[in-house]
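Residues per chain, in single letters:
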Amino acid sequence: LAKTTQPISMDSYEGQEVNITCSHNNIATNDYITWYQQFPSQGPRFIIQGYKTKVTNEVASLFIPADRKSSTLSLPRVSLSDTAVYYCLVGDDAAGNKLTFGGGTRVLVKP
Amino acid sequence: NAGVTQTPKFRVLKTGQSMTLLCAQDMNHEYMYWYRQDPGMGLRLIHYSVGEGTTAKGEVPDGYNVSRLKKQNFLLGLESAAPSQTSVYFCASSFPVPGLISGNTIYFGEGSWLTVV
């Protein structure tokens, strides 16, 4: 299972774009990259998932370079309600792998 | 569609007592997981199951037991509660499509707050 490294915390202001980079140097061929968001006192929820290049949905964009050894979650024009912990997971579901979470990145959006 | 439901949501135990946390999912998912999350920390995997009747150890299995007698339920038991087990427990489930290489989207419950005094 690929180990991931992400910054512990990031501060931003309302209306700014927030980019969180996750390193996963030993990502395997079948691994996907998935990001989750967790608000205080709630379970994590799925934000976005990708395999390569760029993925965009109504919430965020995910940029994955060709070597796939890192990925960047981009949150456009953040608001106070985007204050949360963001987790990067790398893995695949084919073999029932043990999906482990790292410490995540605490994003604080200020007024 | 309830998704993943955990019971109870809150519980206070005395040291040495036992209890069971119940997780139920109505999405017909194959995989289920139990995590714990201590204050200010990330999630740590306790046990997981890849199908009915199967269980496996995660990162921090000591002091816990699990059972998956029915596909929709995953039970987490504390045999003899200790203050170190004070935490928030999250159950989760996911559904890999056999033979299809894809990412694994995990669905979480709302958490169970356990305090051991």
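Keep in mind that what you see is a predicted model, and the values were worked out from it rather than measured. (Residues numbered from 1 in each chain as written. Chains lettered and ligands numbered in written order. Predicted model: local features only at pLDDT ≥ 70, side-chain atom pairs only at ≥ 80, totals over all residues. Heavy atoms only, no water.)

(A) View of the overall build of chain B. When helices and strands are counted, chain B shows zero helices and 11 strands. Of the regular secondary structure in chain B, the N- to C-terminal order runs β-β-β-β-β-β-β-β-β-β-β. In terms of its C-alpha atoms, chain B occupies a principal-axis envelope of roughly 45 × 30 × 30 Å. Of the contacts formed within chain B by residues at least 6 apart in sequence, a portion of 56% connects residues at least 24 apart. For chain B, the accessible area works out to roughly 5,500 Å², and carbon and sulfur atoms hold 56% of it. Each charge class in chain B can be summarised by its mean position, and for the 9 positive and 8 negative side chains these summaries are 6 Å apart. (Helix = DSSP H or I, 4+ residues; strand = E, 2+ residues; numbered from the N terminus. Contact = heavy atoms within 4.5 Å. Areas by Shrake-Rupley, 256 points an atom, 1.4 Å probe, with all protein chains shown as cover. Lys, Arg positive; Asp, Glu negative; His and termini not counted. Charge placed at Lys NZ, Arg CZ, Asp CG, Glu CD.)

(B) Up close: the nonpolar core. Ranked by internal contacts, the top residues of the largest apolar core, which has 21 residues, are A:Ile20, A:Ile33, A:Trp35, A:Ile47, A:Leu73, A:Leu75 and A:Tyr86. Put simply, the parts of the chain that give this core at least two residues each are strand E2 (18-23), strand E3 (32-38), strand E4 (45-50), strand E6 (61-64), strand E7 (70-75), strand E8 (84-91) and strand E9 (105-110) of chain A. Those residues in contact with A:Ile47 that sit more than four places away from it in its chain are A:Trp35, A:Tyr36, A:Gln37, A:Asn57, A:Val59, A:Ala60, A:Leu73 and A:Tyr86. Membership of the second largest hydrophobic core comes to 18 residues, among which are B:Met32, B:Phe74, B:Ala81 and B:Leu114. (Core = buried A, V, L, I, M, F, W, Y, C linked by side-chain atoms within 4.5 Å. Buried < 20%, exposed > 50% of the residue type's maximum accessible area, 1.4 Å probe, protein only.)

(C) Broad picture of the environment of A:Phe101. Relative to the assigned elements, A:Phe101 resides in the loop between E8 and E9. A residue is classified by how much of its surface remains accessible, and A:Phe101, at 6% relative accessible area, is buried. As for A:Phe101 and A:Thr4, which are separated by 97 residues in sequence, their C-alpha atoms are 8.6 Å apart. With residues up to four places along the chain from it excluded, the contact list for A:Phe101 reads A:Tyr36, A:Tyr87, A:Leu89, B:Tyr35, B:Leu43, B:Ile106 and B:Phe108.

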